[in-house]
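Listed below are the residues making up each chain.
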Amino acid sequence: KARKSSRFSLTKLLYLIGGLIATLGIIFFVGQIWEDLGSGGRIFITLILGLILAGIGSSLLKQKPETHLGSVFHGIAGFLIPGGALVTLYELGTYTGSVWPFVMVFGVIFLFYLLLNLYHQNVVLTLFGLGNGTAFIYLLVEAMVSGSASQHEVVYAYLTMVVGLSYFLLAYAFRLGWNRPLVGILNFLGSLAFFSAAFNRVVESELHVWEIIFFLLMIGGVYLAISLIRSRAVLLVSTLFLVAHFIYITFEYFGDSVSWPILLVILGFVFIALGSFSL
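Residues numbered from 1 in each chain as written. Predicted model: local features only at pLDDT ≥ 70, side-chain atom pairs only at ≥ 80, totals over all residues. Heavy atoms only, no water.

Colleague: Even after reading the chapter, I still don't get the overall build of the protein chain, so can you show me in this structure?
Modeller: Each helix and strand in the protein chain was counted, giving 10 helices and 0 strands. Going from N to C terminus, the protein chain has its helices and strands arranged as α-α-α-α-α-α-α-α-α-α. Looking at the protein chain residue by residue over its 279 residues, the buried ones come to 35%. Across the protein chain, every contact between residues at least 6 apart in sequence was considered, and the portion connecting residues at least 24 apart equals 59%. Split by element, the accessible area of the protein chain, about 16,800 Å² in all, is 73% carbon and sulfur. (Helix = DSSP H or I, 4+ residues; strand = E, 2+ residues; numbered from the N terminus. Buried < 20%, exposed > 50% of the residue type's maximum accessible area, 1.4 Å probe, protein only. Contact = heavy atoms within 4.5 Å. Areas by Shrake-Rupley, 256 points an atom, 1.4 Å probe, with all protein chains shown as cover.)

Written out as structure tokens, the structure is:
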């Protein structure tokens, strides 16, 4: 059984490497002949080729699911289809400087992967669905928001916090299903998005209450990682941002004092002691 598991892991690794090499080969080949292709050729070699590979992938997922070859073809197609859609948008002359065409393109791609995934229930399709869905949300907000750059920054900070929380919830929902391989990735990306956006509010916001809120969020993140979801990724991100928060706060209030470096040394030994205690 162990030998079978090892062979299975090696097969997936070779599939991954082969898919990446094939994708790079397609990108380099297209780059070399790009100027010689007309509009139709550019659309075909990106969008149409991506759809063809997706069709082959779906056929293999249906007929030979045990080989995982369908996931490989869908992996290659997943990189070609969004780029091909943007190429098609440009070549057809429908881009007028507005963000709304991009919103519609990524909305359609997200719907495409959502429906495809409902049929196949495949991790690779889930991953591309999440990526295109996230891009769609950000583009939709960009198309709807108007105002100064500072207002944009605030909106995107809170939006990123919401996206991070949604990744947390998806990771929790996926922990017992066929999307379980994505739990670690979603926990890491979710914690990174949420805590980085919250830290942006600490640095950029004029409300000092965020300094207290962020500290509580970090403590909550550490507790969540250790006691509830047992995620090393969330623990790592929470701890790093907790250290960053301490450095920022001490620098803000004691940066001009000689005691600031000494305070950092003390905080360093405190964290070492906490690490020893956590074992």
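Colleague: Please explain the nonpolar core as it appears in this structure.
Modeller: Within soluble globular proteins, side chains that are nonpolar tend to cluster in buried spots. Membership of the largest hydrophobic core comes to 18 residues, with the highest contact counts inside it found for Leu 53, Ala 77, Ile 81, Val 105, Ile 109, Tyr 113 and Leu 125. Contributions of two or more residues to this core are made by α2 (39–63), α3 (69–91), α4 (100–120) and α5 (123–144). By residue number, the principal contributor to this core is α3, which donates 6 residues. Leaving out residues up to four positions away in the same chain, Ala 77 has contacts with Gly 50, Leu 53, Ala 54, Pro 82 and Tyr 113. Ranked by size, the runner-up nonpolar core spans 13 residues in total, among them Phe 199, Trp 210, Phe 241 and Leu 242. (Core = buried A, V, L, I, M, F, W, Y, C linked by side-chain atoms within 4.5 Å.)

Colleague: It is not clear to me how the packing of aromatic side chains should be interpreted in this structure. Could you clarify?
Modeller: Given two aromatic rings, one states the distance between the centres and the angle between the planes to describe the pair. Scanning the model with the defined rule gives 12 aromatic pairs in all. On the basis of an interplanar angle of 75 degrees and a centroid distance of 5.2 Å, the ring pair of Phe 112 and Tyr 113 is categorised as edge-to-face. Taking the relative accessible area as the measure of exposure, Tyr 113 reaches 1% and is therefore buried. With centroids separated by 6.3 Å and ring planes inclined at 50 degrees, the aromatic side chains of Tyr 158 and Trp 210 adopt a geometry described as tilted. Within this pair, whereas Tyr 158 is found in helix α6 (residues 149–174), its partner Trp 210 is found in helix α8 (residues 209–228), the two being separated by 52 residues in sequence. For Tyr 158, a relative accessible area of 38% puts it in the partly exposed group. You can call Trp 210 buried: its relative accessible area is 8%. Aromatic rings pair up to connect Phe 194, Phe 195, Phe 199, Phe 214, Phe 241 and Tyr 248 into one cluster. One cation-aromatic arrangement involves Arg 175 over Tyr 172; the distance from NZ or CZ to the ring centre is 3.8 Å. (Phe/Tyr/Trp six-rings, centres within 6.5 Å; stacked < 30°, edge-to-face > 60°. Lys NZ or Arg CZ within 6 Å of the ring centre and 35° of its normal.)

Colleague: I would appreciate a short explanation of the layout of surface pockets in the present structure.
Modeller: In this approach, a probe sized like a water molecule rolls over the atoms, and the result shows the empty space that is left. Within this model, the largest pocket holds a volume of roughly 820 Å³. Contributing to the lining of the largest pocket are 26 residues, with Leu 16, Ser 71, Val 72, Val 123 and Val 124 lying nearest its centre. Sorting the residues of the lining of the largest pocket by element identifies α1 (2–33), α3 and α5 as the ones contributing at least two each. Counting residues per element, the lining of the largest pocket draws most heavily on α1, which supplies 8 residues. (1 Å grid on protein atoms, 1.4 Å probe; cavity = no way out; pocket = protein on both sides within 12 Å on 5 of 7 lines; lining within 4 Å. Points joined across faces, edges and corners; volume = space filled by probe spheres on them.)

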